[in-house]
Each structure stands twice: as C-alpha cells, then as structure tokens.
Amino acid sequence: MSKATKDRAAQAKRIVAEQKARERRRVVTLWTSVAVVAVLVIAGLVGWGIFAGQEKDNAGSVTTPPTAVDGGTAFARGEGPVTIDIYEDFMCPICHEFEDAAGPTITQLVDAKKVTVNYHPIAILDRYSTTEYSTRAAGAAAAAAQGGKFYEYHETLFANQPEEGSAGLDNAKLIELGKGVGLTSQTFADAVNNKTYTGWATKVTDTASGSGVTGTPTVLVAGKKLDNPSAQALTAAVEAAAA
Amino acid sequence: METGQQARRTTVLPWISTVARLGLAAVWLIAGGLKIGDLAASGRAVNAYQIFPYDVAKVIGAAQPFLEIALGLLLLVGLAVRLSAGISAAFLLIFIAGIVSAWSRGLAIDCGCFSSGGELGAGASPVYGWDIARDAGFLVLAGFLLWRPRTRYSMDGVLMGDEQ
C-alpha cells in the first residue's frame, strides 16, 4: 500500500469514529434530557402530593373551639357596631409592640361599646422557634377562650413572648401562664398538653392566608386593612366607619 | 493543530464549568432544603407576592422546594448539564421577575429565596436590590454552563465516553 492510500484509510476511519461519537452524544443528550424532565416533573408532583397529604391530615385533626366566631376563626371581644379584625402571631415581636401601643385604645373602644374586636390567632412564624411555638401558643389561646379568658391569656402571652430563634415556651409554662389569669382547670391543661387546638390554629392560618393576610399584625377595621397599624390610625378608622 | 491558547481553553474551561455546576447545585440544594421542612410556609411565601390565587400559590410553594432539590441533585451528578442549566436560568429569571414585580408594587416582603419568606414587619425594609443582584450572580453561573456545559466528574462525560 502506498503512503497516500494508508493516509486515506486512516482518515476514513477517523471520520467514521467521529460520526459514531457524534451519534452517541446525540442519543445520550436526548435520553439524559428526557430523564431530567422526568425527574423534575416527578419531584414537583411528589411535593404537591406530600403537601396535599399534610393538609388532609390536618383537616382530620381540626377541633374548632365552640366559642370561636367569624366562621370559627376568631375570638370576639366587645359588642360594638364596628368590627376590628386583628391577625396576630404570639411569636411576632411587632404584634407585641402593636398590643403595647394600641391595646389601651382598643380597650377604651370596647368599653365604650363602639367596636367588636375579632382576634385571629394565626401561626406563620413557626420557623422562629424550634418547637413550633406559634402554633402551640395559638392552640393554647383557643383553649383559654374555652375557659372564657382569651383576652387575658393573649395579654400574658405577649408579656411573656419568647426570643426569636429560641425553643419558645414549653407546655408547662403555657399552663402556668394560664393559671396566672385564672385558667386553673384540668381541661385547659389537657388541651395544651394534648395539642387539642393546634390543628385548628393551622386551619385558621390557612384561612387567613386565603383571605390575603400575608403578615402579622394585620388589622382590619370594618373589613379595610390599615396600612400602618397604630392607635391613631385605628381610632381614625373606627370613627370613619361609625360615621 | 491546536494553538497554545486553544489548548489552554480546552483544559481550563471545563474546570471553570465544573465549579459553576457545583456552585449552582449548592445554591439549589440549600434553597430547597431550607424550605422543604414547612411546605405551608413555602406556599405562604409565594402567596405574599400576591401574584397567584392562594390555592395556586400553595401548589407552587409545595412543589418548588422539591424542584429546587431535584435540580440541585441533577447538577451535582452532572446529568444533561446544558438543559439543567437552562431550566435553572429560567427559574432564576422567573424569581427575578417576581421580586421586581413585588418591588414595583411597593410590597414589603421577604423574597423567600432562602427562607419561607412572608411579609416583613413594620420597620424592616426589604432588600430587593440585593436579592436581585444575588439571583443575577446565580444567573451568570447558569449562563456559563449553557455556553460551556462540558464539565469534569459529570454523568454526561461518563455517558458520552469522551471526557477525562
């Protein structure tokens, strides 16, 4: 064989090898792409499925406190014509500040029979404690409402608000705080220990999110959201709604 | 016949791509991992953008952490890197669009990028500029991989039999 023929043969071989490699790459790219899409679709469906399961489990464990109003999502205080809705999380420091700043004004409005306050204890800050304190505290508040002491208990929970990132208050402490406001019954202690109303707290949170509550505190006067909840804004809105 | 410069490019670029691939994988794994423990909160974070009805936001919020982790794992093993990078870029563009939209509407929310997000309290100001800059940085990683998807230690390389 001449040198030229040998070169041609080698070149032909190389071209065939390159074509084979290209073909292989094409097939690999096709099937890996199919695999990637399949993995992502399955992952998304798994997430949806797990979440749907969690929602279903929770729906099965909801015990709505009999004294709850507004579709079983809130506890009412006062009997005035103007409705104030307050969405609060017991782990939320700004809710605590709002309570300190506007609490006396709200009490005056309630005493003057100008307003009915619906307190919605929701739990959106479970990630701020290691023990889902938001949910447990909201559940305990529901138990306090059954003992007729929602407002007193709500105040003591804010006064004893745990630090963000801590373990929150344990159930024993929640029960002890209840005793401090006159909730001495075994029923209250059992409801806290057995987490009777935590499923309800999750449902109330879900209902609130569905109606556009994306943070706490959210304060509505006669159904209208206050942009910057403060004592003055609250008074002004109540007067406007009553007029 | 390769020049010295070309040779350098063919040896160095796959290593840069490898770093980009693993970096992007870490981003997705961390982002998804931080959200997967509380799917309801993830849904509320999506809802806080006030773009989708709550029921849709819940489904997106539940699926998103799983998608992020799946994408992270795919990039980690290096399977169909160009496609994975393309999907990453698409997700990042959607996230940036969401943040811009929240910013332009004056919403005060946590972007929920690496947490379960939600509305910020009074006094806390959002840091949309930083969030967008960070996502844009991740977008650069994804863009580099789109341009140069060949990486070291990848499934693609093993399957194609032409790497290393």
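Residues numbered from 1 in each chain as written. Chains lettered and ligands numbered in written order. Predicted model: local features only at pLDDT ≥ 70, side-chain atom pairs only at ≥ 80, totals over all residues.

Lay out the nonpolar core in plain terms, naming residues and giving numbers.
Judged by nonpolar contacts, the single largest core of 55 residues is most densely connected at Ala137, Ala138, Ala141, Ala142, Ala143, Ala144 and Phe150 of chain A. It is helix α3 (residues 133–146) of chain A that contributes the most residues to this core, nine residues altogether. What alanine 143 of chain A contacts, discounting residues up to four positions off in sequence, is Phe188, Ala191, Val192, Thr196 and Tyr197 of chain A. Grouped together as the second largest cluster of nonpolar side chains are 45 residues, Ala43 of chain A together with Leu67, Leu79 and Leu145 of chain B included. (Core = buried A, V, L, I, M, F, W, Y, C linked by C-beta atoms within 7 Å. Buried ≥ 20, exposed ≤ 12 C-beta atoms within 10 Å, placed from the backbone. Helix = DSSP H or I, 4+ residues; strand = E, 2+ residues; numbered from the N terminus. Contact = placed C-beta atoms within 7 Å.)

Outline the interface of chain B and chain A, listing residues and values.
Taken together, the 32 residues of chain B in the interface contact 28 residues of chain A. Taken together, the elements giving at least two residues each to the side of chain B that touches chain A come down to α2 (39–48), α3 (54–77), α4 (81–104), β2 (118–119) and α6 (155–160) of chain B. Examining the composition of the side of chain B that touches chain A, we find that 10 residues originate from one element, α3 of chain B, more than from any other. For the side of chain B that touches chain A, the per-class residue count stands at 21 nonpolar, six polar and five charged. (Nonpolar A, V, L, I, M, F, W, Y, C, P; charged D, E, K, R; others polar.)

Would you mind going over helix α7 (residues 198–210) of chain A in detail, with residue names and values included?
Side chains that are three or four residues apart share a direction in an α-helix, a result of its 3.6 residues per turn. The first and last C-alpha atoms of α7 of chain A sit 18 Å apart over 13 residues, in line with the 18 Å expected at 1.5 Å per residue. Taken as a whole, α7 of chain A has its buried residues at Thr198, Trp200, Ala201, Thr202, Lys203, Val204, Thr205, Asp206, Ala208 and Ser209 of chain A. In this structure, the buried residues of α7 of chain A make contact with α1 (3–60), β2 (82–88), β3 (115–121) and α3 of chain A together with α2 and α3 of chain B. Once α7 of chain A finishes, glycine 212 of chain A follows within two positions and takes phi at roughly 95°, a positive value. (Expected span 1.5 Å × (residues − 1).)

Can you explain the packing of α3 of chain A against α7 of chain A? Please cite residues and give values.
Between two packed helices, the angle of one axis relative to the other and the distance separating the axes together describe the packing. Residues and elements named next belong to chain A. Between α3 and α7, the shortest axis-to-axis distance is 8 Å and the interhelical angle comes to 105°. In terms of axis orientation, α3 runs roughly perpendicular to α7. Two secondary-structure elements touch here, α3 through Thr135, Arg136, Ala138, Gly139 and Ala142 and α7 through Thr198, Trp200, Ala201 and Thr202. A class-by-class count of the residues in the contact of α3 with α7 yields four nonpolar, four polar and one charged. (Axes fitted to C-alpha atoms, helices over the stretch in contact; angles between N-to-C directions. Parallel < 35°, antiparallel > 145°, perpendicular 65-115°, else oblique.)

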